[in-house]
Amino acid sequence: MQRESKKEKRKRLVRYKEGAEMYSMGMNKFQALAKDARAVLKIDRMVLVDLDIFDEYLETFRV
């Protein structure tokens with residue numbers, strides 16, 4: 001059995017607080033970027049961020 005890489009083990013959907021911690025940024029900045037990336041999923045009162053979409057959006061800022 002092969003070991004899964006870190007990327008495969010990583011969560012795909014996270015809440016704002018967890019995502020902000022993962023990316024070492026403030027919650028407000030993470031929320032704004034997630035909304036700009038259109039990576040926000042809202043289910044009733046629960047909000048999740050799709051990290052695959054969020055990562056793609058962040059790559060557009062590469063210098």
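Keep in mind that this is a model prediction, so the values were computed, not measured.

**Q** So what exactly am I meant to see when it comes to unusual backbone geometry here?
**A** In terms of backbone geometry, most residues other than glycine have negative phi values and most peptide bonds are trans. In this model, arginine 38 sits at a positive phi of 60°, which is unusual for a non-glycine residue. Mapped onto the elements of the fold, arginine 38 is located in the loop between helix 3 (27-36) and strand 2 (40-43). Judged by its relative accessible area of 74%, arginine 38 falls in the exposed class. Residues other than glycine seldom take positive phi values, yet aspartate 44 does so here, at roughly 55°. Topologically, aspartate 44 is positioned in the loop between strand 2 and strand 3 (46-50).

**Q** I keep staring at the side chain of aspartate 50 and nothing clicks. Help me out?
**A** For aspartate 50, the position within the fold is in strand 3. A distance of 2.9 Å separates a polar atom in the side chain of aspartate 50 from the backbone nitrogen of aspartate 52.

**Q** What's the story with the environment of alanine 34 in this structure? I'm lost.
**A** Within the secondary structure, alanine 34 sits in helix 3. Separated by 24 residues in sequence, alanine 34 and leucine 58 place their C-alpha atoms 9.5 Å apart. Excluding its chain neighbours within four sequence positions, the residues that come into contact with alanine 34 are Tyr16, Ala39, Val40, Val49 and Phe54.

**Q** Would you explain the sheet that holds strand 1 (residues 13-14) in this entry?
**A** Each strand in a sheet pairs with another by means of backbone hydrogen bonds, the pair being arranged parallel or else antiparallel. If you trace the 3 strands from one edge of the open sheet to the other, you get 1-3-2, paired in antiparallel fashion. Two strands in the sheet have a free side with no partner beyond their single neighbour: strand 1 and strand 2. In the packing of helix 4 (residues 51-59) onto the sheet, contacts are made with strand 1 and strand 3, and the angle to strand 3 comes to roughly 50°.

**Q** How should I be thinking about the packing of helix 3 against helix 4 in this particular structure?
**A** Packed helices, taken two at a time, are described by the angle their axes make and the gap between the axes. One can describe the packing of helix 3 onto helix 4 by two numbers: an axis separation of 9 Å at closest approach and a directional angle of 90°. By the angle class used here, helix 3 and helix 4 are roughly perpendicular. Across the interface between the two elements, Phe30, Leu33, Ala34 and Asp36 from helix 3 touch Leu51, Phe54, Tyr57 and Leu58 from helix 4. Of the residues that constitute the contact of helix 3 with helix 4, the class distribution is 7 nonpolar, no polar and 1 charged.

Calculation rules
- Residues numbered from 1 in each chain as written.
- Predicted model: local features only at pLDDT ≥ 70, side-chain atom pairs only at ≥ 80, totals over all residues.
- Heavy atoms only, no water.
- Helix = DSSP H or I, 4+ residues; strand = E, 2+ residues; numbered from the N terminus.
- Buried < 20%, exposed > 50% of the residue type's maximum accessible area, 1.4 Å probe, protein only.
- Polar contact = N/O pair within 3.5 Å; in protein donor to acceptor, adjacent residues only side chain to side chain.
- Contact = heavy atoms within 4.5 Å.
- Pairing = 2+ DSSP bridges.
- Axes fitted to C-alpha atoms, helices over the stretch in contact; angles between N-to-C directions.
- Parallel < 35°, antiparallel > 145°, perpendicular 65-115°, else oblique.
- Nonpolar A, V, L, I, M, F, W, Y, C, P; charged D, E, K, R; others polar.

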